[in-house]
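Listed below are the residues making up each chain.
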Amino acid sequence: MDVIGWLLDSDPAIRWQVLRDLTGAAPEEVAAERERVATEGWGARLLALQGADGMWDGGACFPKDYAGGEPGQPWTTTMHTLQTLQIFGLDPKSPQARQAVALAGEHGRWEHAGQRYFDGEVEPCINGRTVEAGAYFGVDVSAIVARLLDERLEDGGWNCEAENGSVRSSFHTTLSVLDGLLEFERATDDGKVREARRAGEEFLLERGLFRRRSTGEVADPAFLEFAFPYYWRHDVLRALDYFRRSGAAPDPRMAEAVEIVGAKRQPDGRWPLDRVHPGRVHFAYEEGVGRPSRWNTLRALRVLAWWQS
């Protein structure tokens, strides 16, 4: 089938990235399509769900009405929604983005201890994603970055359980922090951040992006299943797309992960949705597990193009 045509027959959040990453469209055509994220489709729907208090679903990490007992984790709150808007490519200079981010910054507070939203929290997995969104949308998050640099473990990465005694980094936390540091580095060109980011990348590369260094075993079978949205969870497609986005050269230690991505391509040229992380959502962006996934197909195609280049 015409995979590119199928991808373009979609939401502006996907279309502009297909034009940029897969078709070589003119910059003005890409920019025009990207502008539509704020006013049409998924991006506009998410923006419309922001409360007058600047929060989505009444909370930074947990909904205001959350009492536990729900399957999975609620994905409707401010942290997850801002991350999704960033993945969609909402233009940070657009009036819609400026208004939404200003409201979140002014009124948003973390459940942990009432910290202001863009001052961050205490867990590096949360702070990494806060840095990513903040730096992308033009907010000063340098204080959170300084904290993250101090929290790096000896093996090069990060772990939310470090405060409970863990001395070994986590795939999930490390990749979330790397996403944040990359966005911050692009905004500031900070050498210390670059050094820390390289160390975190080595943590992942030494493990082939999904294996235990001690035994070579697959660290978690879920790392080989591609979800969208991925939120804070690690998988090899998300990791490879991070390295592509960072401008890194392909590294031989990624080869097995790339093979896994290629092997998931279906005979019609598309990739399926392998997994949906359970929990409360605003609405679905895909047709369901096992069905062709536009987000996985877009990301896989650009990862493979980067690898082959």
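Given the structure is predicted, the values throughout are model-derived calculations rather than measurements.

Some remarks on the overall build of the protein
Step number 1: Counting its regular elements, the protein contains 13 helices and zero strands.
Step number 2: Helices (α) and strands (β) of the protein occur, in sequence order from the N terminus, as α-α-α-α-α-α-α-α-α-α-α-α-α.
Step number 3: Against the 2.2 N^0.38 benchmark of 19 Å for 309 residues, the protein shows a C-alpha radius of gyration of 19 Å, consistent with a compact globule.
Step number 4: For the protein, the spread of C-alpha atoms along the three principal axes comes to 50 × 50 × 45 Å.
Step number 5: Counting all 309 residues of the protein, 54% fall into the buried class.
Step number 6: Across the protein, contacts joining residues at least 24 apart in sequence account for 64% of those joining residues at least 6 apart.
Step number 7: Taken as a whole, the protein presents about 13400 Å² of accessible surface, with 48% of it coming from carbon and sulfur.
Step number 8: Charge-centre separation for the protein: the mean point of 37 positive side chains lies 1 Å from the mean point of 48 negative side chains.

Re the pattern of salt bridges
Step number 1: Enumeration according to the criterion identifies 28 salt bridges in this entry.
Step number 2: Among the ionic pairs, Lys264 bridges to Asp274, the shortest N-O distance being 3.1 Å. Here Lys264 is found in the loop between helix H12 (255-263) and helix H13 (294-308), whereas its partner Asp274 is found in the loop between H12 and H13, with 10 residues between them in sequence.

Description of helix H8 (residues 142-150)
Step number 1: Looking at H8, one finds that the buried residues are Ile144, Val145 and Leu148. Seen along its axis, H8 keeps its buried residues to an arc of 100 degrees; they face one direction. Turned more than 90 degrees from where H8 packs its buried face, Ala143 and Asp150 sit exposed.
Step number 2: Looking at the buried positions of H8, the neighbouring elements they touch are helix H7 (124-136), helix H9 (171-188) and helix H10 (191-205).

With respect to the packing of aromatic side chains
Step number 1: Inspection of every chain in the model, using the stated rule, returns 18 aromatic pairs.
Step number 2: An angle of 15 degrees between the planes, with centres 5.5 Å apart, marks the rings of Phe62 and Tyr66 as stacked.
Step number 3: For Phe62, a relative accessible area of 35% translates into the label partly exposed.
Step number 4: An aromatic cluster is defined as three or more aromatic residues linked by ring pairs; in this entry it consists of Trp42, Phe88, Phe228, Tyr230, Phe283, Tyr285 and Trp295.
Step number 5: Positioned above the aromatic ring of Trp16 is the side chain of Arg34, whose terminal nitrogen or guanidinium carbon lies 4.7 Å from the ring centre.
Step number 6: The lysine or arginine in question, Arg45, covers the ring of Phe283, its NZ or CZ lying 3.8 Å from the ring centre.

A closer look at unusual backbone geometry
Step number 1: Looking along the chain, the bond that leaves Phe228 and enters Pro229 is cis, with omega of -5 degrees.
Step number 2: Positive phi values are uncommon outside glycine, yet Tyr231 reaches one of about 55 degrees.
Step number 3: Mapped onto the fold, Tyr231 is located in the loop between H10 and helix H11 (236-246).
Step number 4: Overall, Tyr231 belongs to the buried group, its relative accessible area being 5%.

Examining the side chain of Thr84
Step number 1: Tracing the backbone through its elements, the reader meets Thr84 in helix H5 (residues 78-88).
Step number 2: Given a relative accessible area of 5%, Thr84 falls into the buried group.
Step number 3: Separated by 2.8 Å, the side chain of Thr84 and the backbone oxygen of His80 make a polar contact.
Step number 4: Among all residues touching Thr84, those that are not within four sequence positions of it are Leu46 and Tyr285.

Analysis parameters
Every chain is numbered independently, its residues counted from 1 as its sequence is written. A pLDDT threshold of at least 70 governs which residues receive local features in this predicted model, and a stricter bar of 80 or more applies before side-chain atom pairs are shown or counted, although totals over entire chains, interfaces and linings include all residues. Here the side-chain values reflect all heavy atoms present in the structure, with hydrogen atoms and water set aside. In this description a helix means any DSSP run of H or I spanning at least four residues, a strand means any run of E spanning at least two, and both kinds are numbered starting from the N terminus. Note that the radius of gyration is over C-alpha atoms, with the globule rule given as 2.2 Å times the number of residues to the power 0.38. Buried residues are those whose accessible area, probed at 1.4 Å on protein chains only, stays under 20% of the maximum for their type, while exposed residues exceed 50% and partly exposed ones sit between those limits. For this analysis, residues touch if any pair of their heavy atoms sits within 4.5 Å. Areas reported as accessible are Shrake-Rupley estimates using a 1.4 Å probe. Residue values count occlusion only from the protein chains shown. Positive charges come from Lys and Arg alone, negative charges from Asp and Glu alone, with His and the N- and C-terminal ends not counted. By convention, the charge on Lys lies at NZ, on Arg at CZ, on Asp at CG and on Glu at CD. Salt bridge, as applied in this entry: a Lys or Arg side-chain nitrogen positioned within 4 Å of an Asp or Glu carboxyl oxygen. Each C-beta atom gives one direction from the helix axis, and the arc is the one those directions make. In this analysis, rings of Phe, Tyr and Trp, with Trp reduced to its six-membered ring, are considered paired at centre separations within 6.5 Å, and the interplanar angle assigns stacked below 30 degrees, edge-to-face beyond 60, and tilted for intermediate values. Counted as over-ring charges are cases with an Arg CZ or a Lys NZ within 6 Å of the ring centre that also lie within 35 degrees of the ring normal. Think of a polar contact as two N or O atoms within 3.5 Å of one another; within protein, one of them needs to be a possible hydrogen donor and the other a possible acceptor, and neighboring residues in sequence only count if both atoms come from side chains.

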